[in-house]
Structure formats: C-alpha cells, structure tokens
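Coordinates in review
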Amino acid sequence: RRIAEWGLEPKALWRHFGRLSSIPRPSKKEAKVLEYLREFADKHGLELNQDRKGNTMIKRPGSGGGERAPTVVIQGHVDMVTEKNSSSKHNFDTDPIELTKDGDWIRASGTTLGADNGIGVCAALALLEMPNDAKLPPLECLFTVDEETGLTGAKELDAKLITGELMLNLDTEEWGSVYIGCAGSGDTIVEFPVQHDGGSDVKTELATEQKSYRLVCRGLKGGHSGADIASGRGNAIRIVALALNSIRESVQGFRLICISGGNKRNAIARECQAEFLIPESEMSALESDFKILSENITTEFKVEEPSIKLELESQNSVEKPLSPQCADRLLCLLTNLPHGVIKMSAKFKDLVETSSNLGAVKQDKGKGIYAITCLTRSTLPTSLENVRKSIKLLAKICGGSVLQPASYPGWDPNPDSKLLCSTKKCYKELSGKDAKVLAIHAGLECGVISARCPHEIDTVSFGPTIIDAHSPDERVKISTVAPFFKLVLMILNKIVSSKKESRSQL
C-alpha cells in the first residue's frame, strides 16, 4: 500500500517489490516466496518448472515479433541477507520488511532491505506479466535459492531447466556499470574448543575481589564482504579482539569470559561484545588503558567509521572465565585470521583480487566450542585456496579444527562478448554516456550457472544503485530503477530486432 502511495515507476516492478517485501525469505527458508512464484505463474498461465533444490524457472513465449528470437535467461535470486540492528525486534522468519522512503532512496527500518536481489526478481516478474503483444523474445526467468549462504542453489541447479544461450543477471548494484566477471569464494568454519577453569561447569560465583566488565563495539557500517571490503571499514570482531589483547597485556589478572560478534559470513561484522574479569585492584589500570584504547580506535576509524563506539561497562557475571591458555589461543586466532584486502588485481584497475572476511564468532555451548566463520574471495583459484590453507594452518596451531566446504568458481570476463556489445550500445542510447565495463569482487551466480550448463551462455550483469547491501543501512536509489528496467527492455527489443536464431548478430 505504501509503495502505491509513493507513485514510483515502473509501477509493476515496485508493486511486486512491495509484495515481495511482505514475504519472509531468509536464505534456506524460501518456501513462502517460491509459493508466491507458483501462484504468479498459475495466474498468468505461464509454464513453471522447479528442480529439487527449489530453483524455479518461469517461461514466457516470445511476442510482438519476437517469437523466433533467441531465448534470453533473466536471472536473480529470491533469498536475502538477514541483518538487523541490535535494537531491532524484527523476526525475519515471520515479519514483513518495513519499507521507508527517504528522499531518492528506499530503505528498511533497522534491517536489511532485500533490494539485493529483490529488485532483480521483481524486474523479471514485471517482464513476465507484460501485455501479450509486447516486443519480447522468449524468456526463461530463473529464480535461484540460497544465493547468500554460498550460491548453493546455483551450485545444485538442474541445468536442464535452461535452454537459452543469452543471460541477463540482474544482481549487481551500481547503475552505469556492466559486469562481465566476478570472484570465486570459499567458506571456512573454525571450531575452537572451549576450556573453562575448574572443569566444564560454566557457572560460578563472582569472587568479592573480582570485577566483571562487558566490552562492546557498535556503530560500525558493516556492509558487503566483497563489494565493501576495500572501503577501510572496521571489523567489530577484530577491534574487540585487539582491545582485549591490549587489556590482557597491561592489566594483571585479566580473565576472558566470552566473546560474540558478527552474524553472516558475507557481511562485515558491525557489532561485537566480550565479557571479562579483573581484580578490583586493577580497576584504575583498566580505566587508564581503556581511555587510550578508545581514543586510538576512534582516531583510526574517524573517516571510515564516524559513528564507531567502544564502550566499557561493569556487570555481575556468573559465568566462569576461560582458562588462561584457552583465552590466549582464542585471542591469538581472532587477532591473526586474515581480514580485508590481501591483493589488488594487476589486470583490472581498482579491483580487489583476493580478500578474506572474518564474519562471525559465536559460542555453541552445546558443542563446547566457538564457531568462527570466514569467507575468502579471489579471482584466482590458487590464491583462494592458498588463503584458505593459511586459515586452516593458523586454526590448527591455535588448537582448532576446520570445516571447509568446496569453493565455487568465479566468472571469467569475456570483453569480446556480443551481448556486452549490445548492452553497451543500448546504455549509450539510453543515457548518452558510456557504460563502465567491470569485474566485481563479489559472488555472482553467472560463473556457477555457466559451469553447470552443457552449452555456452553469453552473460552480462547490471542493476540499479544499491548502497550498503548486507547491512541495515541497505538502500536502493529510486531514480536508477526506472532506467535500469528501461535498459533491460531495450536489450530485449534489440535481440528481437536482430531476427536471428543465435546470438551472433546481436
């Protein structure tokens, strides 16, 4: 209802986005949105096919002279990253996303918006319901699942769903840029065993001569662990771990109780907190050290993180501290795991070649471990695996074990792509400017889908401007959505006008 009141264009796309935002769709929990797609296909009399993973294909025949044009795959993913501010009570499993309009931006209230990749999904739905005489080639609209937790939907895609040899991926986030390549990536989960003083019982009485504190880092921007990794933004886990290490070295009798921070493997950690004990006699030393720590961190991140807050507050903890050896190994691990840019590309200007993200650290009391999640990206498979090997070695040295699922491939750029040439011409005609042709340091499904298909698929990726994806500050720029959709239509019209059965004359 609110979307309609705002009068946004194109109406069909935004109408679908309003409806999509009311449907919970966390990764691995896409059942409700898949049912929405099935109802949509039934309503419009369109063919729908779905594989065992849930990836869904809705087909529309060519029309308006495009009946014999080459089939075009329109691709996007239906799941979204579920990040929220600590003050938010939002339940991503049940609650609709609360949309707000802020000038030329649509954002959510305290949560991720889901414009990544909701706008692309809704563009596909708007295409599918266009009039029967619209000038369109045959369309295969592919809606993949579980993209945000490792592209697992694309990895397990039934390739028989796809017959098209041209694909528009609508999952990039900088209007005016056309992407022709992306990084591959691989996850690492470190399981670090917890050891407490005096056995496995974690409850204890706080000794009268001890003082318990909570250290909190908040106010960071967070963001996408690929697209934003070179921004210089702070990682709350690394900041807290370094602060704890500094306190441990300067305050006698420091005992770490616990640490927890970050939420997602593919999001830069925005918040982290830790609890620790010190003797009451060391309180003045702690206050002095913390003042210097706080000033230094604020100074270091004053440009990239103007809202950063490092806070120290006393509390009455009833949990046993970790053993000194366990705490030392854990802090060693958290302060040395690779995070940030590792190497820039020599082939593409300003493109990160290899990076790693320290995404989350969570205590699993049932298993008696800390689970530490990392996501490594690289355009080079050897570099990707070398970083993952270094993480595995460091974890082993510190006493942890490692789970490393198979990595997924990147998307090798093809600057001679016929579809790229057509896309550039259409963008120039639309805007009067030249499109930027780029590769992206993030995971797109293009490479994975292409690798699974027995035939070659000529692919480009583009989208409207979306800022701070994977964080509660995510927002989409309204004024870029209409030209984005217009570009999609222009490319499809051009394919129809080619009157060819293959992509060679685009």
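Our subject is the structure that appears above.
Residues numbered from 1 in each chain as written. Predicted model: local features only at pLDDT ≥ 70, side-chain atom pairs only at ≥ 80, totals over all residues. Heavy atoms only, no water.

A look at the sheet that holds strand β5 (residues 105–108)
Strand order in the open sheet formed by four strands is β4-β5-β21-β20, with antiparallel pairing between adjacent strands. The sheet is open, and its two borders are formed by β4 (99–102) and β20 (466–467), each paired with just one other strand. When β20 meets strand β21 (residues 475–477), the two strands line up antiparallel, connected through two bridges. Paired with I466 across the bridge in β21 is V476. The sheet strands contacting helix α12 (residues 478–498) are β4, β5 and β21, and the helix crosses β21 at an angle near 60 degrees. (Pairing = 2+ DSSP bridges. Helix = DSSP H or I, 4+ residues; strand = E, 2+ residues; numbered from the N terminus. Contact = heavy atoms within 4.5 Å. Axes fitted to C-alpha atoms, helices over the stretch in contact; angles between N-to-C directions.)

A short note on the side chain of D51
Locating D51 in the fold gives a position in the loop between β1 (47–50) and β2 (56–60). Buried within the structure, D51 lacks any salt-bridge partner; its nearest side chain of opposite charge belongs to R452, at an N-O separation of 7.2 Å. At a separation of 3.1 Å, a polar atom in the side chain of D51 contacts the main-chain amide nitrogen of K53. With sequence-adjacent residues up to four places away left out, D51 is seen in contact with E156, L157, D158 and L161. (Buried < 20%, exposed > 50% of the residue type's maximum accessible area, 1.4 Å probe, protein only. Lys, Arg positive; Asp, Glu negative; His and termini not counted. Salt bridge = Lys/Arg side-chain N within 4 Å of Asp/Glu carboxyl O. Polar contact = N/O pair within 3.5 Å; in protein donor to acceptor, adjacent residues only side chain to side chain.)

Brief notes about the pattern of salt bridges
A pair can form between side chains of opposite charge whenever their charged atoms are brought close. Using the criterion set out here, one finds 22 salt bridges in the structure. Put simply, K365 and E319 hold a salt bridge, and the shortest N to O gap is 2.9 Å. You can see K365 sitting in the loop between β15 (352–364) and β16 (369–378) and its partner E319 sitting in the loop between β13 (309–315) and α8 (324–336), a full 46 residues away along the chain. Classification of K365 by relative accessible area gives exposed; the value is 52%. One network of salt bridges, in which partners are shared, links D228, R233, D468 and R475.

What about helix α6 (residues 236–250)?
Its 15 residues give α6 an end-to-end C-alpha distance of 21 Å, which sits within 8% of 21 Å, the value for a rise of 1.5 Å per residue. For α6, the complete set of buried residues consists of A236, I237, R238, I239, V240, A241, A243, L244, N245 and I247. Its side-chain oxygen placed 2.9 Å from the backbone nitrogen of I237, N235 serves as the N-cap of α6. (Expected span 1.5 Å × (residues − 1).)

So, the pairing of β5
Burial of the side chains of β5 is restricted to one face: I106 and A108 are buried, whereas none of W105 and R107 on the reverse face is. Relative to β5, β4 is paired through four bridges, and the arrangement is antiparallel. Residue pairing for β5: D102 is matched across the bridge by W105. The hairpin formed by β4 and β5 contains two residues between the paired strands, and G103 there has a positive phi angle of roughly 65 degrees. The pairing of β5 with β21 spans three bridges and is antiparallel. Paired with R107 across the bridge in β21 is R475.

Observations regarding the nonpolar core
Judged by nonpolar contacts, the single largest core of 70 residues is most densely connected at I74, F143 and L168. Take this core: its biggest share by element is 12 residues, from α12. What L168 contacts, discounting residues up to four positions off in sequence, is V72, V73, I74, Q75, L419, V460, F462, V488, I491 and L492. In terms of nonpolar packing, the next biggest core, distinct from the first, is built from 52 residues, L215, L220, V251 and L310 among them. (Core = buried A, V, L, I, M, F, W, Y, C linked by side-chain atoms within 4.5 Å.)

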